[in-house]
Amino acid sequence: MSKKPFTTRIDPAVLELAQKLAEMDRRSITAVIEVALIEYAERRGIRVPEDK
């Protein structure tokens, strides 16, 4: 799976939260959002495909 850039609009307060989490975990904001989406899907029983 290749990574593709995309543009999105995020509420400034949510973006600030993502920035704080990223700093705490020494990650990028993109990584924090990616992890959040994966965890959200898994809690709903959706299996996230593995990278090949």
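### Looking at the overall build of the protein
On a plain count of helices and strands, the protein comes out with 2 helices and 0 strands. In terms of C-alpha radius of gyration, the protein reaches 12 Å, well past the compact-globule figure of 10 Å for 52 residues. Considered along the principal axes of its C-alpha atoms, the protein spans approximately 30 × 25 × 20 Å. Counting every position in the protein, which comprises 52 residues, the buried fraction comes to 10%. Accessible surface for the protein amounts to roughly 5200 Å². Of this, 57% is attributable to carbon and sulfur atoms. Placing the 10 positive and 9 negative side-chain charges of the protein at their respective mean positions leaves the two points 4 Å apart.

### Some details on helix H2 (residues 29-43)
Given a rise of 1.5 Å per residue, 15 residues ought to cover 21 Å, and the 21 Å separating the end C-alpha atoms of H2 matches this to within 8%. Listed in full, the buried residues belonging to H2 are Ala-31, Val-32 and Ala-41. Buried residues belonging to H2 abut helix H1 (12-25). Of the residues trailing H2, Gly-45 is marked for its positive phi of about 80°.

### Some remarks on H1
Along its 14 residues, H1 runs 20 Å from first to last C-alpha, staying within 8% of the 20 Å computed at 1.5 Å per residue. Near the N-terminus of H1, the side chain that reaches the backbone nitrogen of Ala-13, with its oxygen 2.8 Å away, is that of Asp-11. Looking one or two residues past H1, Arg-26 carries a phi angle of roughly 55°, positive in sign.

The rules behind each value
- Residues numbered from 1 in each chain as written.
- Predicted model: local features only at pLDDT ≥ 70, side-chain atom pairs only at ≥ 80, totals over all residues.
- Heavy atoms only, no water.
- Helix = DSSP H or I, 4+ residues; strand = E, 2+ residues; numbered from the N terminus.
- Rg over C-alpha atoms; globule rule 2.2 N^0.38 Å.
- Buried < 20%, exposed > 50% of the residue type's maximum accessible area, 1.4 Å probe, protein only.
- Areas by Shrake-Rupley, 256 points an atom, 1.4 Å probe, with all protein chains shown as cover.
- Lys, Arg positive; Asp, Glu negative; His and termini not counted.
- Charge placed at Lys NZ, Arg CZ, Asp CG, Glu CD.
- Expected span 1.5 Å × (residues − 1).
- Contact = heavy atoms within 4.5 Å.
- Polar contact = N/O pair within 3.5 Å; in protein donor to acceptor, adjacent residues only side chain to side chain.

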